[in-house]
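# Close look at the chain arrangement
The chain contents come next:
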Amino acid sequence: MADTRTLPEHTRIFHNPRCSKSRQTLALLKENGLQPEVLKYLETPPTPDELAVLVDALGCSVRDIIRVKESEYKELGLDNPSLTDGQLLQALSANPKLIERPIVTHRGKAAMGRPPEQVLTLL
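This report concerns the structure included in the present document. Please read these numbers as outputs of a predicted model, since none were measured by experiment. (Residues numbered from 1 in each chain as written. Predicted model: local features only at pLDDT ≥ 70, side-chain atom pairs only at ≥ 80, totals over all residues. Heavy atoms only, no water.)

## As for the pattern of salt bridges
For the structure shown, the criterion picks out six salt bridges. Here Glu100 ties to Arg67 by a salt bridge, and the two come within 3.1 Å at their closest N and O atoms. Note that Glu100 is positioned in the loop between helix 4 (85-94) and strand 3 (103-106) and Arg67 in the loop between helix 2 (48-58) and helix 3 (71-75), a separation of 33 residues in sequence. Take Glu100 and Arg67: they sit in the same class, and that class is buried. Of the charged contacts in the structure, one is a salt bridge between Glu70 and Lys97, with a shortest N-O distance of 3.6 Å. A residue pair is termed long-range when its members are at least 10 positions apart, and Glu70 in the loop between helix 2 and helix 3 and Lys97 in the loop between helix 4 and strand 3 qualify at 27 residues. On the accessibility criterion, Lys97 (39% relative accessible area) is partly exposed. Within the structure, one salt-bridge network assembled from shared partners comprises Arg67, Glu70, Glu72, Lys97, Glu100 and Arg114. (Salt bridge = Lys/Arg side-chain N within 4 Å of Asp/Glu carboxyl O. Helix = DSSP H or I, 4+ residues; strand = E, 2+ residues; numbered from the N terminus. Buried < 20%, exposed > 50% of the residue type's maximum accessible area, 1.4 Å probe, protein only.)

Rendered as structure tokens:
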């Protein structure tokens, strides 16, 4: 993102091609006439600032976008309730596998694609 304080107006998907929910969400966007910018976040992880913008747009907490069932979650001590949002955002940026997926942004808003149909609220 050029400006890390706001979301872009065009459609983007933080995508993992190996994830069925991510693939379903991408297909759903295309079925609805959108050609989203596909961000393979495992290859190019978002910065902590970009993640903070996504969390704000989603209207959730940082912990809500963490995949807590991944082994790295406990291995890295991310289950420690005393960690700050900044520490969690740094850990997610450094370990993008822990970011819940997919996340879609459209016209300055964001939605989690779980279930995939949830992203239709952005259209």
